[in-house]
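What follows is each chain in one-letter form.
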Amino acid sequence: RAMAQQAQDTFQQTDLVLTSLADWIESDGFGPALQPRLQKTFARRVQALEQLHGLFLFDKHGHWVITSFEQLHRGPGVADRDYFTFHQQNTALIAHIGPAIRSRQNGEWIIPVSRRLNDQDGNFQGVLLAGIKMSYFDRFFESFSLADQDEMVLALSDGTLLARRPFDEAKIGPSLAEEPVFQHELYSECAGTATIRSAADGVLRLYDHQHLQAYPLVVTAAMSQQAILAGWHDRALKSSLILAVVVLGICVFG
């Protein structure tokens, strides 16, 4: 529940920033005269929200127009990015959350949240993007006390991994849809628990998941059976020893 609430708040704040900026840009445009003002506004929004890596505006060809960084990136555009292609092909004006990527601004891992921009006639004008730092979720996950074999995961509803503790770069991006936890019948429900043996390492874990209501995201927390029963085993051993002494004393005195 804590993971779901934190993720919900993080993406909702980002979504509100994109919506307000998109309304402004669609109304006034982003011509050369407005770009200095937009750049300063982008920078202030990023400073106000800890989770933001940056804000970016791309034209209908995927070229860089404005960013929250002082120096505008002059490298290749983003026409090849999944989120840009998505907005080219979809007229919906809702926020789109894509798979985690490395920012072309500085190489940092980010989760892209993007929104389509239209001109006055409703034609595709460009894409407004907010990059959420993956490290922001990493720091939040680290605030929980976990055993070595425990896991915390933030993923898209289709199983695409966005953030994970423990962090493993090789697992970021690929879909986990074939993992037993995503195949389990309880996964289709809003929330639920199940004891499942991981296909990756063979560890038996208790999984608990929750789907976010407003966004196509799911959070999962998993504790290994060994960690859950560790305290119980210690108490059971001590209780058994005490009981054995009591029974032996009764037998002797009897």
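In case you missed it, the structure is sitting above this.
Parameters and conventions
Each chain has its residues counted from 1, running along the sequence as written. Given that this is a predicted model, residues contribute local features only at a pLDDT of at least 70 and side-chain atom pairs are listed and counted only at 80 or more, while totals for whole chains, interfaces and linings are drawn from all residues. Computation of side-chain values covers all heavy atoms of the structure but excludes hydrogens and water. Side-chain atoms within 4.5 Å are what join buried Ala, Val, Leu, Ile, Met, Phe, Trp, Tyr and Cys residues into a set we call a nonpolar core. Using a 1.4 Å probe on the protein chains alone, a residue whose accessible area is under 20% of its type maximum counts as buried, one over 50% counts as exposed, and one in between counts as partly exposed. Note on conventions: DSSP H or I runs of at least 4 residues are helices, E runs of at least 2 residues are strands, and numbering of each starts at the N terminus. Throughout, a contact is declared for two residues whenever any of their heavy atoms are within 4.5 Å. Should DSSP find at least two bridges between two strands, the strands are taken to pair. Patches in this entry comprise residues that are over 30% relatively accessible and not in a salt bridge; like charges within 9 Å are linked, as are nonpolar side chains (Val, Leu, Ile, Met, Phe, Trp, Tyr) within 5 Å. Only the protein chains shown count as cover for residues, with accessible areas throughout obtained via the Shrake-Rupley method and a probe of 1.4 Å. The salt bridge definition used is simple: a Lys or Arg side-chain nitrogen within 4 Å of an Asp or Glu carboxyl oxygen. When charges are counted, Lys and Arg are positive and Asp and Glu negative, with His and the chain ends excluded. Here the site of a charge means atom NZ of a Lys, CZ of an Arg, CG of an Asp or CD of a Glu. Each Phe, Tyr or Trp ring, with Trp reduced to its six-membered ring, pairs with another whose centre is within 6.5 Å; inter-plane angles below 30 degrees give stacked pairs, above 60 give edge-to-face pairs, and intermediate values give tilted ones. Note on method: axes are straight lines fitted to C-alpha atoms, helices fitted across the in-contact stretch only, with angles between N-to-C directions ranging 0 to 180 degrees. Orientation is classified from the angle alone, with under 35 degrees giving roughly parallel, over 145 giving roughly antiparallel, 65 to 115 giving roughly perpendicular, and any other angle giving oblique. Each residue is assigned to one class: nonpolar for Ala, Val, Leu, Ile, Met, Phe, Trp, Tyr, Cys and Pro, charged for Asp, Glu, Lys and Arg, and polar for all the others, Gly among them.

## Thoughts on the nonpolar core
Point 1. By size, the foremost hydrophobic cluster in this structure holds 46 residues, and its most contacted members are F11 and L154.
Point 2. Considering each element in turn, this core owes the most residues, 10 residues, to helix α1 (residues 2-28).
Point 3. Sequence-distant contacts of L154, that is, excluding residues within four places in its chain, are made with A7, F11, I111, F137, F141, L161, L162, A163, L217, V218 and V219.

## What about the pairing of strand β1 (residues 52-59)?
Point 1. Of all the eight residues making up β1, eight are buried; the element is thus mostly covered by neighbouring parts of the structure.
Point 2. In this structure, β1 lies alongside strand β6 (residues 124-133), joined through seven bridges in antiparallel fashion. Bridged to G54 within β6 is G131.
Point 3. Relative to strand β2 (residues 64-67), β1 runs antiparallel, the two being bridged by three bridges. Across the sheet, the residue bridging to F56 is T67, located in β2.
Point 4. The turn joining β1 and β2, which pair antiparallel and follow one another in sequence, is formed by four residues; a positive phi near 90 degrees is taken by G62.

## Considering a positive patch on the surface
Point 1. A cluster of basic residues, R37, K40, R44 and R45, forms a positive patch at the surface.
Point 2. Relative to the assigned elements, K40 resides in helix α2 (residues 35-48).

## A short note on a nonpolar patch on the surface
Point 1. A surface patch of nonpolar side chains, amounting to about 450 Å² of accessible area, comprises L206, M223, I228, L229 and W232.
Point 2. Among the elements that make up the nonpolar patch, the one with the highest residue count is helix α6 (residues 225-253) (three residues).
Point 3. As for its position among the elements, M223 is in strand β11 (residues 217-224).
Point 4. Judged by its relative accessible area of 40%, M223 falls in the partly exposed class.

## Regarding the pattern of salt bridges
Point 1. As enumerated under the stated definition, the model contains five salt bridges in all.
Point 2. Ionic pairing is found between E151 and R205, a salt bridge with its closest N-O pair at 3.7 Å. On the criterion of sequence distance, the pair formed by E151 in strand β7 (residues 151-156) and R205 in strand β10 (residues 204-211) is long-range, its members being 54 residues apart. In terms of burial, E151 and R205 fall into one category: buried.

## Observations regarding the packing of aromatic side chains
Point 1. Tallying each qualifying case throughout the model produces 10 aromatic pairs.
Point 2. Seen in terms of ring centroids, F58 and W64 are 5.2 Å apart; in terms of plane orientation they differ by 80 degrees. Their pairing is edge-to-face. When sorted by exposure, F58 lands in the same class as W64, which is buried.
Point 3. Relative to F144, the ring of F140 lies with its centre 5.3 Å away and its plane at 80 degrees, an arrangement referred to as edge-to-face.
Point 4. One aromatic cluster is present, built from ring pairs that chain together F11, Y136, F137 and Y215.

## Focus: the packing of α1 against α2
Point 1. Interaxial distance between α1 and α2 falls to 12 Å at its minimum, and their mutual angle equals 170 degrees. As summarised for this structure, α1 and α2 are arranged roughly antiparallel, according to the angle between their axes. Between α1 and α2, the contacting residues are V17, L21, W24 and I25 on the first element and R37, L38, T41, F42 and R45 on the second.
Point 2. For the contact of α1 with α2, a count of residues per class yields six nonpolar, one polar and two charged.

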